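Structural overview
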Amino acid sequence: MGLKEIKLKEEYRSDRNDIVAEFFFPCLGQCIEYDRCVDLLSIQTLTTIVMAFENFSRGKAKLRMVTGHRFKTTDLNLFTKLFSEKYTKKIDGKLIKDVKIQKLQNIVNNGQIELKIAIPNSEQVADSFSERIGIFRDNEDQTVAFTGTSKESFSTQTRDFESVDVFTSWNDQSRVERKVKDFEELWENKTKHIDVYDFMEAEEKNLLKYSSEWVIQD
């Protein structure tokens, strides 16, 4: 089974669909590559993605994420440990079961997760990055792209009311190719008004900030 075999809708909306159960989890379970832009990223969200991304356990999956530069204090500390080559100690997770944190660390160490930070550099853009696109690819080279959701919030208690527009390589190839091109240009730091850094580069340059607005854990 691959992405093409999932019965995907053109749109998912909170009043009609369980977006996580009907869209995110089925696509994560069938893909081998996932590219994602989010405005805010938590350890819990990243761990949930990994748990739903079955190919990670077989060492076949790749996750590339671009996020804004604001983090909760506890999340930023854990992300720094996860992506630091100098940090080799076992991570103890207080907000999530230790076994999940350790699995996440192993996957990062295996090079299956890459994280970059996007920071606006122009007066024409507000002071935060909040692009909302995602791209799934499977082992048959089929692609599903989507827009519309601000962040993956997998907790049933903290989900936003939102909608997701979905495009597939077998029904809307031109739009999928455009979303892929947009992400690749962002990843390679070729997008106007935005500077993109590897996570540890941004951390070493003191570009990462603690969010005073993002109080509730996802």
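Residues numbered from 1 in each chain as written. Predicted model: local features only at pLDDT ≥ 70, side-chain atom pairs only at ≥ 80, totals over all residues. Heavy atoms only, no water.

1. Things to note about the pattern of salt bridges
All told, the structure shown has 12 salt bridges when counted by the stated rule. Ionic pairing is found between D15 and R13, a salt bridge with its closest N-O pair at 2.8 Å. Taking the relative accessible area as the measure of exposure, D15 reaches 45% and is therefore partly exposed. By relative accessible area, which is 29% here, R13 ends up partly exposed. D35 is the salt-bridge partner of R137, the closest N and O atoms lying 2.8 Å from each other. (Salt bridge = Lys/Arg side-chain N within 4 Å of Asp/Glu carboxyl O. Buried < 20%, exposed > 50% of the residue type's maximum accessible area, 1.4 Å probe, protein only.)

2. Thoughts on the packing of aromatic side chains
With the rule as written, the count across this model stands at 14 aromatic pairs. Ring geometry for F79 against F199: centres 6.1 Å apart, planes inclined by 55°, an arrangement best described as tilted. Of this pair, F79 sits in helix 3 (residues 73-83) while F199 sits in helix 6 (residues 199-204), and the two are 120 residues apart along the sequence. For the pair shown, F79 and F199 are each scored as buried. An aromatic cluster of at least three residues, connected via ring pairs, comprises Y12, F23, F24, Y34, F136 and F146. (Phe/Tyr/Trp six-rings, centres within 6.5 Å; stacked < 30°, edge-to-face > 60°. Helix = DSSP H or I, 4+ residues; strand = E, 2+ residues; numbered from the N terminus.)

3. Overview of the nonpolar core
Counting residues in each nonpolar core, the largest one holds 47 residues, and the members touching the most others are F23, Y34, F79, F83, I113, F136 and F199. No other element matches the six residues that helix 1 (residues 19-30) contributes to this core. Every residue in contact with F136, bar those within four places of it in the chain, is listed here: L3, F23, F24, C27, L28, C31, E33, Y34, Q142, T143, V144 and F146. By size, the runner-up hydrophobic cluster in this structure holds 15 residues, among which are C37, V176, V180 and I194. (Core = buried A, V, L, I, M, F, W, Y, C linked by side-chain atoms within 4.5 Å. Contact = heavy atoms within 4.5 Å.)

4. Regarding the pairing of strand 2 (residues 33-38)
Walk down a regular strand and you will see the side chains alternate between the two sheet faces. Of all six residues in strand 2, five are buried, a share of seventy percent or more. Here strand 2 runs beside strand 3 (residues 62-67); their pairing, made up of six bridges, is parallel. By the bridge assignment for strand 3, V38 is matched with T67. Note that the unit made of strand 2, helix 2 (residues 43-52) and strand 3 has a crossover that is right-handed. With four bridges connecting them, strand 2 and strand 6 (residues 133-137) associate as antiparallel partners. Counterpart to R36 in the pairing with strand 6 is G134. (Pairing = 2+ DSSP bridges. Right-handed = clockwise from strand over helix to strand, strands pointing away.)

5. What to know about the packing of helix 1 against helix 2
Two measures define how a pair of helices packs: the angle their axes make with one another and the distance between the axes. Contact geometry of helix 1 with helix 2 gives a least axis separation of 8 Å together with a crossing angle of 55°. By the criterion of interaxial angle, the relationship of helix 1 to helix 2 is oblique. Residues F25, L28 and G29 of helix 1 form the contact with helix 2, whose participating residues are T48, I49 and A52. Of the residues contributing to the contact of helix 1 with helix 2, the split by class is four nonpolar, two polar and no charged. (Axes fitted to C-alpha atoms, helices over the stretch in contact; angles between N-to-C directions. Parallel < 35°, antiparallel > 145°, perpendicular 65-115°, else oblique. Nonpolar A, V, L, I, M, F, W, Y, C, P; charged D, E, K, R; others polar.)

6. Considering the confidence of the model for the protein chain
For the protein chain, per-residue confidence averages 86 on the pLDDT scale, and residues scoring 70 or more make up 85% of the total. Within the protein chain, helix 4 (residues 98-109) has the poorest average pLDDT of any element, 82, and helix 5 (residues 173-187) the best, 97. (pLDDT = per-residue confidence, 0-100.)

7. Structural notes on the sheet that holds strand 7 (residues 143-147)
Within a sheet, each strand pairs with its neighbour through backbone hydrogen bonds, oriented either parallel or antiparallel. Pairing within the open sheet is mixed, and its eight strands lie in the order 1-8-7-6-2-3-5-9. With partners counted over all chains shown, the strands left at the sheet margins are strand 1 (11-13) and strand 9 (194-198), one partner each. On average, each strand axis in the sheet is inclined to that of its neighbour by 15°, with strand direction left out of account. Summarising the sheet, strand 3 and strand 5 (residues 113-120) pair through five bridges and their orientation is parallel.

8. Some words on unusual backbone geometry
The backbone of D141 shows a phi angle near 65°, a positive value even though the residue is not glycine. With respect to the helices and strands, the residue D141 is situated in the loop between strand 6 and strand 7. Given the relative accessible area of 63%, D141 is considered exposed. The phi torsion at H193 lies on the positive side, around 75°, for a residue other than glycine.

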